[in-house]
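# A closer look at the structure
Here is what each chain is made of, one letter per residue.
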Amino acid sequence: MTDDAVVTAKTALRARLLAERRAVPAQRHAAEAAALAGHLEELAGDSGTVCAYVPVRGEPGSTAMLDRLARRGVRVLVPVVRTDDDGAPLALWWGVYRPDALHTARFGLLEPPQPWLPAETVAEADLVVVPAVAVDRRGARLGRGAGFYDRSLCLRRSGVPLVAVVRDAELLDELPAEPHDVPMTHALTPGCGTVALG
C-alpha cells in the first residue's frame, strides 16, 4: 500500500469509528468507563508514575481512571499539547493531574495547570496510557492524526508498557500503519481488560 493509500485508509477508518463512538448511549459509555477504571487500576499495580490522558469527546474512559490511581498515591501525569510557530505538532509536555484544576485547552482538550514538565518527563513513567481511535493485535495504533503521541512516545524508557485505551469493537485484527507509528504493547478494553499485542 502506498503512503497516500495508507493515509486515505486511516482517514476513512477514523471517520467511521469516531461516528460509531458518537452513537454510543451515555449509559453504555458510563458502564464501559467504570470497567476501564477498574482494569487500569489493576494494570497499574505498584507503578509510581503513570502518564495518561483526560478522556474527552466520547473517548473511552473518564477521569475516574485517573482519580483511582491518584487516590492510591500514583503520580499521574497528563499531556499538554504544544505546537511550533507554524502550528506543527511538537512532543507533549506533561503536568500533574489534579481533577479540580483542569482547564479547557486547544482542540477541546482538558489540560493541567502549570508548572508543566518537559517532554522527556515521559521517561519517568512506569506505564504510559494512550488515547486511540483503534488499535490492532500487532500493536498498530490509529490516533486522531496529528502525531503528538508519535513524537512523544519515543522518549519513554525502554520496556515501559504502552497501553492504548479503546472500546471492545475498536480492537481490530489489522490497521493501516506508517513507519513513524509507535507500536503499542497492550490494549485496554472494557470487556477484555488488558490485552497483550504484538
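Structure: see above.
Position labels on residues start from 1 in each chain and follow its written sequence. Reporting of local features is limited, given that this is a predicted model, to residues whose pLDDT is at least 70; pairs of side-chain atoms are given and counted only at 80 or more, and all residues count toward the totals for whole chains, interfaces and linings. Derived side-chain values reflect all non-hydrogen atoms in the structure, with water molecules and hydrogen atoms excluded from consideration.

## Digging into the sheet that holds strand β9 (residues 162-165)
In this scheme, strands are said to pair when DSSP sees at least two bridges between them. Only DSSP runs of H or I with at least four residues qualify as helices, and only runs of E with at least two residues qualify as strands; both kinds are numbered from the N terminus onward. Pairing is mixed across the open sheet formed by seven strands, whose spatial order is β3-β2-β1-β6-β9-β11-β12. The sheet is open, and its two borders are formed by β3 (93-96) and β12 (193-196), each paired with just one other strand. With direction set aside, neighbouring strand axes in the sheet form an average angle of 30 degrees. Examined bridge by bridge, strand β6 (residues 127-131) and β9 share four bridges and lie parallel to one another. Within β9, the position partnered with Val 128 by the bridge is Leu 162. What makes two residues a contact is simply this: any of their non-hydrogen atoms within 4.5 Å. Here an axis means a line fitted to C-alpha atoms, over the contact stretch when the element is a helix, while the angle between two N-to-C directions is reported on a 0 to 180 degree scale. Most of the contacts of helix α2 (residues 26-44) go to strand β11 (residues 186-189), to which it runs at about 145 degrees, and overall it touches β1 (49-51), β6, β9, β11 and β12.

## Details of helix α1 (residues 3-22)
Across its 20 residues, α1 extends 29 Å between first and last C-alpha, which sits within 8% of the 28 Å expected from 1.5 Å per residue. Inspection of α1 places Val 6, Lys 10, Leu 13, Arg 14, Leu 17, Leu 18 and Arg 21 among the buried residues, and these make up the whole buried set. Down the axis of α1, the buried set is contained in an arc of 130 degrees. They therefore lie on one face. Summarising the geometry of α1, the exposed residues directed more than 90 degrees from the buried face are Asp 4, Thr 8 and Arg 22. Where α1 is buried, its residues meet β7 (134-136), β8 (141-142), β9 and β10 (171-172). Here a helix's expected span is defined as the number of its residues, less one, multiplied by 1.5 Å. For every residue, the accessible area obtained with a 1.4 Å probe (protein chains only) is divided by the maximum for its type, and the residue is called buried under 20%, exposed over 50%, and partly exposed between those limits. By definition, the arc is the one covered by directions from the helix axis to the C-beta atoms.

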